[in-house]
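Reading the structure
The chain contents come next:
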There are 2 protein chains.
Amino acid sequence: MTTASASLPITARTRVGRLAAQQIVDRAALYALLDSQILAHAAIVLDGNPLIIPLAFARDGDSVLIHGSTGGGLLRHAATGSGLGLSVTALDGLVYARNLFDSSMNYRSAVVYGIPLVVPDADKERALLVLSERLMPGRGDEVRPMTRRELAATIVFRIPLDEVSRKVRTGAPSESADDGEDHAVWAGVVPMNIRWLTPEASPLTAKATAVPASVRRQCAVDAEHASGVLVA
Amino acid sequence: MTTASASLPITARTRVGRLAAQQIVDRAALYALLDSQILAHAAIVLDGNPLIIPLAFARDGDSVLIHGSTGGGLLRHAATGSGLGLSVTALDGLVYARNLFDSSMNYRSAVVYGIPLVVPDADKERALLVLSERLMPGRGDEVRPMTRRELAATIVFRIPLDEVSRKVRTGAPSESADDGEDHAVWAGVVPMNIRWLTPEASPLTAKATAVPASVRRQCAVDAEHASGVLVA
């Protein structure tokens, strides 16, 4: 795999018009965002109209992977047409300013633009294991290998991380406003993140079955992130 | 406001090709999803290419509202062109099957397609208060009213909920597979939701300032949803 440059090129499409200071071109920060999320939204153009679908994704080196059914045609349109935009957003908090206009959200966002490349059969199983490992770390070691039928039913696409727009808002609300704001009013940020809840065993899982390492690890990651304490 | 029919019409764009059983046309369920989320992704077509941006939204009766800067041109393109697709997704859990192929995510997803209509000046303040009330319930009563300058700097769009694609996956993993799965392996669902963390006051908020009702309410909603217990 080739190593991409540490800075992301800015193209006409990824240049942030408004709030240009929020645009980040740091590849390491981009990868940290992508590695912290499992849900993306893909936008494609079909007959001149926008289409958008939510889907899982995973970073694999200097590209991202998405997958679908061989029978599902939506992603194929992107591969033969005008490409797709893949948006990944982490919502980090609500920003309470002393007026509604300056109130906002803290977030980290990346949009990857590109033509999806079909992952060749020889690399398909490895790519699917990368996807699986990102979504459910360690699970691949707990279940049987993929079958030939399953591999044949799945199509995997790779989108190189060449054209990426990234935006971030962090920190406190803007307090520069001086247009009648009441400074006795509380202003600040209410952070948010994702919480994993108690695993629920399926009907055919015998009662004595231990929750496996992969699931315990998933939940433990959450406990690490839970630095804050809930307000009662 | 006119009352839309209780069932959503199925159009060529909103017909779900694969997994048609996951398509839901129940308007009440759609509205419940939209009202539970604050982040959307909007896809538009610009010069034949897909563009996608994350943004806040709110349902207002039988339409959704989005807003932006008067200076930001992206949403205007949608209003004069081929419209937009607005996707809202709630990620509810990871589904651990006894093979990777049947492993999945539980989610509720809606995509609204339409031409955004510019909300006229006479209705703009009300529309912005609807947006604010959805994102930060009660905050509008704690801060000063919007100024004329702020209203002039903001553009609000309404997208009628006429063409909507909705998909849902809930419940346990499929256990019908019989292709070498080890039934001694745990299978099930790890639910997830959003957690609000301790509010962080801004630098100019005096130490003795009480966390306001709007912020306490935001966090209390979370405590209600937290039916599960974290795995240590």
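Residues numbered from 1 in each chain as written. Chains lettered and ligands numbered in written order. Predicted model: local features only at pLDDT ≥ 70, side-chain atom pairs only at ≥ 80, totals over all residues. Heavy atoms only, no water.

A separate point is the sheet that holds strand S3 (residues 58-60) of chain A. All names here are of chain A. Overall, antiparallel pairing links the four strands, which are arranged S3-S4-S8-S7 in an open sheet. Edge strands, defined here as strands with exactly one partner in the open sheet, are S3 and strand S7 (117-118). Contacts from helix H3 (residues 121-135) reach S3, strand S4 (63-69) and strand S8 (154-160) within the one sheet, and its direction differs from that of S8 by about 75 degrees. (Pairing = 2+ DSSP bridges. Helix = DSSP H or I, 4+ residues; strand = E, 2+ residues; numbered from the N terminus. Contact = heavy atoms within 4.5 Å. Axes fitted to C-alpha atoms, helices over the stretch in contact; angles between N-to-C directions.)

This next bit is on the interface of chain A and chain B. Taken together, the contact between chain A and chain B spans 97 residues of the former and 97 residues of the latter. Taken together, both faces of the contact between chain A and chain B bury some 8800 Å²; the carbon and sulfur share is 67%. On the surface where chain A and chain B come into contact, there are two salt bridges. Between Arg144 of chain B and Glu181 of chain A there is a salt bridge, with its nearest N and O atoms 2.6 Å apart. Between chain A and chain B we count 37 residue pairs in polar contact (both at pLDDT 80 or more) in total. A class-by-class count of the residues in the side of chain A that touches chain B yields 54 nonpolar, 29 polar and 14 charged. Two elements, strand S10 (residues 188-196) of chain A and strand S11 (residues 200-201) of chain B, share two bridges in a ladder whose sense is antiparallel. Bridge pairing in S11 of chain B links Gly188 of chain A to Ala201 of chain B. (Buried area = accessible area lost by both parts, 1.4 Å probe. Salt bridge = Lys/Arg side-chain N within 4 Å of Asp/Glu carboxyl O. Polar contact = N/O pair within 3.5 Å; in protein donor to acceptor, adjacent residues only side chain to side chain. Nonpolar A, V, L, I, M, F, W, Y, C, P; charged D, E, K, R; others polar.)

Time to look at the pairing of strand S5 (residues 84-96) of chain B. All names here are of chain B. Among the 13 residues in S5, 12 count as buried, and that is most of the element. In the sheet, strand S1 (residues 39-46) pairs with S5 via four bridges, with the strands oriented antiparallel. By the bridge assignment for S5, Ile44 is matched with Leu84. Taken together, the 11 bridges between S5 and strand S6 (residues 104-114) define a ladder with antiparallel strand orientation. In the sheet register, Gly85 faces S6, and the bridge partner there is Tyr113. In this structure, S5 lies alongside strand S10 (residues 188-196), joined through four bridges in antiparallel fashion. When the sheet's bridge partners are listed, Leu94 is paired in S10 with Val190. (Buried < 20%, exposed > 50% of the residue type's maximum accessible area, 1.4 Å probe, protein only.)

Okay, unusual backbone geometry next. For Asp47 of chain A, which is not glycine, the phi dihedral falls at a positive 55 degrees. Structurally, Asp47 of chain A is set in the loop between strand S1 (39-46) and strand S2 (49-56).

Let's shift gears to the relation of the copies chain A and chain B. Least-squares fitting of chain A to chain B yields an RMSD of 0.0 Å, with the transformation described by 0.0 Å of translation along the axis and a rotation of 180 degrees. A rotation of that kind, with that shift, is consistent with a two-fold axis. In terms of proximity to the rotation axis, the leading residue of chain A is Ile194 of chain A, whose C-alpha is 2.3 Å off the axis. When you check the interface residues of chain A against chain B, 100% turn up at the interface there too, and the contact is symmetric in its surfaces. (Least-squares fit on C-alpha atoms with pLDDT ≥ 70 in both.)

Residues and elements named next belong to chain B. With seven of its eight residues buried, S1 lies for the most part within the structure. Here S1 pairs with strand S2 (residues 49-56) via eight bridges, running antiparallel. In the strand pairing of S2, Leu46 is matched with Asn49. Once S1 ends, the chain turns through two residues before running back antiparallel as S2, passing Asp47 with a positive phi of about 55 degrees.

Residues and elements named next belong to chain B. Spatial strand order, S3-S4-S8-S7: four strands in an open sheet with antiparallel pairing. Only two strands of the sheet have a single partner each, and these edge strands are strand S3 (58-60) and strand S7 (117-118). Looking at chain direction, strand S4 (residues 63-69) and strand S8 (residues 154-160) are connected through seven bridges and run antiparallel. For Ser63, the partnering residue across the bridge sits in S8 and is Pro160. Contacts between helix H3 (residues 121-135) and the sheet are confined to S3, S4 and S8, with S8 contributing the most and set at about 75 degrees to the helix.

All right, on to helix H1 (residues 27-36) of chain A then. Residue and element names in this part refer to chain A. Among the residues of H1, Arg27, Leu30, Tyr31, Leu33 and Leu34 are the ones counted as buried. With its buried residues spanning 160 degrees around the axis, H1 presents them on a single face. The inward-facing, buried residues of H1 contact S3, S4, strand S5 (84-96), strand S6 (104-114) and strand S9 (163-169). Regarding H1, its N-cap is Asp26, as a side-chain oxygen of that residue lies 2.9 Å from the backbone nitrogen of Ala28 further along. (Arc of directions from axis to C-beta.)

It is worth stressing that arrangement in space is one thing and function is another; only the former is reported here.
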